[in-house]
Amino acid sequence: MFSAKFVSLVALGSLVAANPLERRTATNVFPTPPTTSSLSKAITVAAGQTFTPPQAYTRYDRGSGACNGQSEGGDSDAVFLLQEGATLSRVVIGANQAEGVHCLGSCTLDHVYFEDVCEDAITLKQSSGTSRINFGGAKHADDKIIQHNGGGTVIINSFYAEDFGKLYRSCGNCGTQHQRIVQINDVWAVNGDVLAGINQNYGDTATIRTTRAQNVDTICERYEGNDSGDEPEEIGSGPDGTFCRYSTSDISS
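Numbering of residues begins from 1 in every chain and follows the order in which that chain's sequence is written. With the structure being a predicted model, the display of local features is reserved for residues of pLDDT at least 70 and the display and counting of side-chain atom pairs for 80 or more, all residues being used for whole-chain, interface and lining totals. Side-chain measures here rest on the full set of heavy atoms in the structure, leaving out hydrogens and waters.

Engineer: Before we move on, can you summarise the state of the cysteines with the specific residues and values?
Structural biologist: Disulfides are defined as cysteine sulfur pairs within 2.5 Å. If you walk through the whole model with that rule in mind, you get four disulfides. Disulfide pairing is shown between cysteine 103 and cysteine 107; the S-S distance is 2.0 Å. Around the S-S axis, the bridge from cysteine 103 to cysteine 107 shows a dihedral of about 85 degrees and counts as right-handed. Buried, partly exposed and exposed residues are distinguished by accessible area as a fraction of the type maximum, computed with a 1.4 Å probe on protein chains only: under 20%, between the cut-offs, and over 50%, respectively. Owing to a relative accessible area of 0%, cysteine 103 belongs among the buried residues under this scheme. Accessibility expressed as a relative area gives 2% for cysteine 107, which makes it buried. Sulfur-sulfur distance for the disulfide between cysteine 171 and cysteine 174 comes to 2.1 Å. Measuring the twist about the S-S bond at about 105 degrees, one finds the cysteine 171-cysteine 174 disulfide to be right-handed. Note on accessibility: cysteine 171 and cysteine 174 belong to one class, buried. The connectivity of the disulfide bonds within the protein can be written as 1-4, 2-3, 5-6, 7-8, using the sequence rank of each bonded cysteine.

Engineer: Got a sec to walk through a negative patch on the surface? Specific residues and values, please.
Structural biologist: Like-charged residues are merged into a patch within 9 Å and nonpolar side chains (Val, Leu, Ile, Met, Phe, Trp, Tyr) within 5 Å, provided each residue has over 30% relative accessible area and no salt bridge. The method behind every accessible area is Shrake-Rupley, applied with a 1.4 Å probe, and residues are considered shielded solely by the protein chains displayed. A side-chain nitrogen of Lys or Arg and a carboxyl oxygen of Asp or Glu constitute a salt bridge if their distance falls within 4 Å. In this tally, Asp and Glu contribute negative charge and Lys and Arg positive charge; neither His nor the terminal groups of the chain are included. Positions of charges follow a simple convention, taking NZ of Lys, CZ of Arg, CG of Asp or CD of Glu. Together, Glu224, Asp230, Glu231, Glu233 and Glu234 make up a region of like negative charge exposed at the surface. To qualify as a helix, a DSSP run of H or I must reach at least 4 residues; to qualify as a strand, a run of E must reach at least 2; elements of each kind are numbered from the N terminus. Summarising the element assignment, glutamate 224 is placed in strand S17 (residues 211-224).

Engineer: Can you explain unusual backbone geometry? Please cite residues and give values.
Structural biologist: Phi is positive for tyrosine 57, close to 65 degrees, though the residue is something other than glycine. Relative to the assigned elements, tyrosine 57 resides in the loop between strand S3 (50-51) and strand S4 (58-61). Within the chain, phenylalanine 135 stands out as a residue other than glycine whose phi angle is a positive 60 degrees.

Engineer: Which residues make up the pairing of strand S13 (residues 160-170), and what are the values?
Structural biologist: Of all the 11 residues making up S13, nine are buried; the element is thus mostly covered by neighbouring parts of the structure. Two strands are said to pair when DSSP picks up at least two bridges between them. As paired elements, strand S11 (residues 137-148) and S13 share eight bridges and run parallel to each other. Bridged to alanine 141 within S13 is phenylalanine 164. When S13 meets strand S15 (residues 188-199), the two strands line up parallel, connected through seven bridges. Each bridged residue has a counterpart across the sheet, and for lysine 166 the counterpart in S15 is valine 194.

Engineer: Residue-level account of the side chain of glutamine 97, with values.
Structural biologist: With respect to the helices, strands and loops of the structure, glutamine 97 is situated in the loop between strand S6 (86-93) and strand S7 (99-103). The buried category is assigned to glutamine 97, whose relative accessible area is 2%. Any pair of N or O atoms that falls within 3.5 Å is considered a polar contact. Within protein, one atom must be able to donate a hydrogen and the other to accept it, and sequence-neighbouring residues count only if both atoms are side-chain atoms. Within the local environment of glutamine 97, its side chain forms a polar contact with the backbone oxygen of aspartate 116, the two atoms lying 3.2 Å apart. For glutamine 97, the contacting residues outside a window of four places in its chain are Arg62, Ala66, Cys67, Val79, Asp116, Val117 and Cys118. Only heavy atoms enter the contact rule, under which two residues are in contact if any of them lie within 4.5 Å.

Engineer: Account for the packing of aromatic side chains, naming residues and giving values.
Structural biologist: Pairing of aromatic rings covers Phe, Tyr and Trp, the last through its six-membered ring, and needs centres within 6.5 Å; plane angles under 30 degrees mean stacked, over 60 mean edge-to-face, and all others mean tilted. Enumeration according to the criterion identifies seven aromatic pairs in this entry. Relative to tyrosine 160, the ring of phenylalanine 30 has its centre 6.2 Å away and its plane inclined at 85 degrees; by these criteria the two rings are edge-to-face. Here the residue phenylalanine 30 occupies a position in the loop between helix H1 (4-18) and strand S1 (36-38), and tyrosine 160 occupies one in strand S13, the gap between them amounting to 130 residues. Judged by its relative accessible area of 3%, tyrosine 160 is buried. Taking the centre distance of 5.2 Å and the plane angle of 75 degrees together, the rings of tyrosine 60 and phenylalanine 80 count as edge-to-face. Within this pair, whereas tyrosine 60 is found in strand S4, its partner phenylalanine 80 is found in strand S5 (residues 80-82), the two being separated by 20 residues in sequence. On the basis of relative accessibility, which here comes to 0%, the residue phenylalanine 80 falls in the buried class. Counting every residue linked through ring pairs, the aromatic cluster contains Phe30, Tyr57, Tyr113, Tyr160 and Trp188. Here the guanidinium or amino end of lysine 139 rests over the ring plane of phenylalanine 30, the centre of that ring lying 4.4 Å away. A ring has a charge above it when a Lys NZ or an Arg CZ is no more than 6 Å from the ring centre and no more than 35 degrees off the ring normal.

Distances and angles like these do not, on their own, reveal function.
Here is the structure:
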């Protein structure tokens, strides 16, 4: 027969397994790549598949001279192309690239680090669904780290950003526009202009929780987006309970 104490411990163990209580946070310690792989073309991760390198945190790039500053690139310039439901895990993206990761459908990035962002680190083209960016980090983005061109939702968890223009931007002037949703949780951001930029007129929302922002000028910027290619107009910033959903207690320094 089982004792009451044993049964209680089993029940507690099951509860902990089902509802983990450990809080994860971003880290500014980037992994040291064991090796570098310079690609002649982007690696495509098929729908529903996971790419993890044979040696964790291998550095991938596109070779010397691949970065052309803020010149807009396409899928062919990326290091990785992720199809619908694909996952990229435990990879370092090196400085020698024009475009980092392009998600052609909803995707997941787990522990992916960008040592020196060229144009954009992550471009999301999903038409709908939810993409997740878990852990990892990015440094030295003159403009955007995460560019959301498609629709749906992006959830950013425990990500580190340093020296950047915008951590997240809902496309302000794409030819086809969508309502876009971003959730930012447990992020650590250092030396940036804008944490989240969204289009108020398309109903975008940014929900920000337990985030550490040090020397970040604006937490949430609202824009008047367009589909004409014009530069979008800034129309407001700060928490408003409707589009920029956070309170001052959600942000620490």
